[in-house]
Amino acid sequence: MRYPFPVGAADFIQGDEAIARAAILAGCRFYAGYPITPASEIFEAMSLYMPLVDGVSIQMEDEIGSIAAVIGASWAGAKAMTATSGPGFSLMMENLGYAIMTETPLVLVNVQRSGPSTGQPTLAAQGDLMQAIWGTHGDHSLIVLTPATVQEAFDMTIRAFNLAEKYRTPVILLTDAEVGHMRERVYAPHPDELELIYRKLPANEEEAKYPFGDVHGDLVPPMPIFGKGYRTYVTGLTHDEKGRPKTVEAEVHEKLIKRIVAKIENNKEDIVDYEAYELDDADIVLVSFGIVARSAMRAVKELRKEGVKAGLLKLNVVWPFDFELIEKIAENAERMYVAEMNLGQLYHLVREGANGKADVELISKIGGEVHTPGEIVERIKKDLR
Amino acid sequence: MYLKSSYEIRGKYLRKDMLPTIFCPGCGIGAVLQYTLRAIDDLGLNQDEIVWVSGIGCSSRVPGYVNFDGLHTTHGRALAFATGIKLANPDLKVIAFMGDGDAAAIGGNHLIHAIRRNLDVTVILINNFTYGMTGGQVAPTTPKGLRGTTAPYGSFENPFDIAELAVAAGANYVARWSVFNYLQGINSIKKALQKRGFTLVEFLSQCPISFGRRNRLKTGPELIKWYQKITVPISKAKNMSPEELEGKIVIGEFVDRDRPSLIEEYEAYKRRAKKIMGWEE
């Protein structure tokens, strides 16, 4: 296999470009999108590379069509991805729910900008966190990954595909304009170095009869992709294990939705990922994700220099959320600070996790600029005075 | 044409455990479904290589009743889903079974763009001038002056002519019939299924419960008789004045051509890309 970019080597590239290259290395062969700042470079890179690797990149009429085409491609057997930013992400919510309900593996990248509405197209934000987790209607669960560097954007894109295939679910890569447009050194492994996961297909006719049934006891049904002779019916309506619509039967709905949620929540240990920095003896704990976590990391170093026992919990996965981990950290902390580029979305989750064991404060910043380490340090020192 | 018994068609293609259907007495969807299955049967197409796609609405329930791979999607988006299916696996033949509200209102933009791209899909469009599933609201196809629950005094908007729209947007094959024209209907579906690119067969289909009752056409037969009255074959319509065509709906084959399809264009695009990059001669 020949690749149109360096593999097994380092390159100096943008976050958006890194996401596109990683997707191709992860086996993505279908991309559908609609241009939007600051996610367009992902689409442009995909357009450049896809025809060369015998994949498809197509510009749809809108974001609704983009995610729809991605779901269709996934059922036709392809690893598929789309990328967008706030306004497009809003448009995708209905079909994101369809993908959750039909257990369709796909990767959806949201390169966040400020909202609501058209907001600040060229500046970073973290205001779509709650939308990523709870944006589509109804009870559900999914996976949300949050890279802070260009290398992480690359690595987490590959992980996003692996998790999507493993758990037959949409995975959101929630990044932002800062990571998307920043250039950094990125090592792209040779494909032989990569561990790639492919969706479980039915082993036989019998398994294929239950495309939405827990046939292996791991809550993830094998996926009978189209054209293999299994004649699978896929619907967004509440359906039984065979995929037959059962729209008024309470027990069928409850069983289906609880399994879809449980296959994510019960596998938290496998999915959740974080970095604990100087947490062991920390009285002051910063919690952060994405680009802001880099400022928070620097702030911890500054505070330590000044004798403040500070530490950082950097979340690489924000859903499923590890409430128990937060509580454990809160038990040993005096105070926790959540630094984020919104008016307090992660803050709500951390406060719930802390469960009253520690005070939780918000260090919020909006307007398009990332917190400087100094701003975080100042705020914490002010409280210590 | 020799017609097999309906039982034979039903036994071969329908999922018995999904019956009965949700369709009301007098509905035309079952008839159009039968025409489609007869066309597939007559052509001897491989059941395992066909995917049925639909959006939301009465006719969109059809993929559930037929024993094929099927994707029952969100309202109006069937053709966007179909774009992904077809491009990801061009070996699959895609049939989109759609209603007029689904295809022309909420899905109007996907419809014209799928046609513009010449996506390889056969659209079977049930046009009953109304939103049947949600109880008889007016559709973008409701003839002016006729009633629906959201235009109780008679629709005041101009309706879409879906077949003309499809021709203008660039479809390879477009035909329109009423459910009454069954032989022509089956033949048109057969033609559509054999062509590359975008093909569309529209059927004027009766909805006595949601549409007919509100417009003094209470039964299926009454609606079919009304269709006979208001439809004009395309050959005859050519010699009629605009005044004579007022209130009429033209039926027949609107276009039959062979513009390159999306799949062919994308294959050529891939070759061009590799050549420009110097990967291939």
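Since we're looking at a predicted model, the values are computed, not measured. (Residues numbered from 1 in each chain as written. Chains lettered and ligands numbered in written order. Predicted model: local features only at pLDDT ≥ 70, side-chain atom pairs only at ≥ 80, totals over all residues. Heavy atoms only, no water.)

### Thoughts on the nonpolar core
In terms of nonpolar packing, the biggest core is built from 175 residues, with Phe30, Met81, Leu286, Met336 and Leu346 of chain A together with Phe198 of chain B touching the most fellow members. When we break this core down by domain, the ones giving at least three residues each are domain 1 (9-193) and domain 2 (275-384) of chain A. With residues near it in sequence (within four places) discarded, Leu346 of chain A still touches Leu129, Val287, Ser288, Phe289, Leu315, Phe321, Val338 and Glu340 of chain A. (Core = buried A, V, L, I, M, F, W, Y, C linked by side-chain atoms within 4.5 Å. Buried < 20%, exposed > 50% of the residue type's maximum accessible area, 1.4 Å probe, protein only. Domains from an automatic or database assignment. Contact = heavy atoms within 4.5 Å.)

### A few points about the pattern of salt bridges
This structure, assessed with the given rule, holds 41 salt bridges over all chains. Among the salt bridges present, the one from Arg21 of chain A reaches Glu17 of chain A, with a minimum N-O distance of 2.8 Å. Taken together, the residues span about one helical turn, with Arg21 of chain A and Glu17 of chain A both in helix H1 (residues 15-25) at a distance of four residues. Taken as a pair, Arg21 of chain A and Glu17 of chain A share a single burial class, namely buried. Taking the shortest distance from any N to any O, the salt bridge between Lys195 of chain B and Asp256 of chain B comes out at 2.7 Å. One end of the pair, Lys195 of chain B, is in the loop between helix H8 (182-194) and strand E8 (198-204); the other, Asp256 of chain B, is in strand E10 (residues 249-256), and 61 residues separate them in sequence. The exposure class assigned to Lys195 of chain B is buried, which follows from its relative accessible area of 16%. A relative accessible area of 40% means that Asp256 of chain B is categorised as partly exposed. Put simply, Asp54 of chain A together with Glu267, Lys270, Lys274 and Glu280 of chain B are held in one network by salt bridges that share partners. (Salt bridge = Lys/Arg side-chain N within 4 Å of Asp/Glu carboxyl O. Helix = DSSP H or I, 4+ residues; strand = E, 2+ residues; numbered from the N terminus.)

### Details of the interface of chain A and chain B
With 44 residues of chain A at the contact, the number on the chain B side is 40 residues. Interface of chain A and chain B: buried area, both sides summed, is about 3600 Å²; carbon and sulfur atoms make up 60% of it. Along the contact surface separating chain A from chain B lie five salt bridges. Residue Glu61 of chain A is joined to Arg117 of chain B by a salt bridge in which the shortest nitrogen-to-oxygen separation is 2.7 Å. Linking chain A with chain B are 19 residue pairs in polar contact (both at pLDDT 80 or more), by the criterion used here. Secondary-structure elements contributing two or more residues to the side of chain A that touches chain B are strand E3 (56-59), helix H3 (63-75), helix H4 (86-101) and strand E10 (233-235) of chain A. Here the side of chain A that touches chain B takes eight residues from H3 of chain A, the largest share from any one element. Residues belonging to the side of chain A that touches chain B are distributed by class as follows: 24 nonpolar, twelve polar and eight charged. Pairing between E10 of chain A and strand E2 (residues 69-72) of chain B: three bridges, direction parallel. Within E2 of chain B, the residue paired with Thr235 of chain A across the bridge is His72 of chain B. (Buried area = accessible area lost by both parts, 1.4 Å probe. Polar contact = N/O pair within 3.5 Å; in protein donor to acceptor, adjacent residues only side chain to side chain. Nonpolar A, V, L, I, M, F, W, Y, C, P; charged D, E, K, R; others polar. Pairing = 2+ DSSP bridges.)

### A word on the state of the cysteines
All names here are of chain B. In this structure the tally under the stated criterion is zero disulfides over all chains. No disulfide involves Cys27; its nearest neighbouring cysteine sulfur is the one of Cys24, lying 6.5 Å away. Considering cysteine sulfurs only, Cys24 is the nearest to Cys58, which forms no disulfide, with 6.4 Å between them. (Disulfide = S-S within 2.5 Å.)

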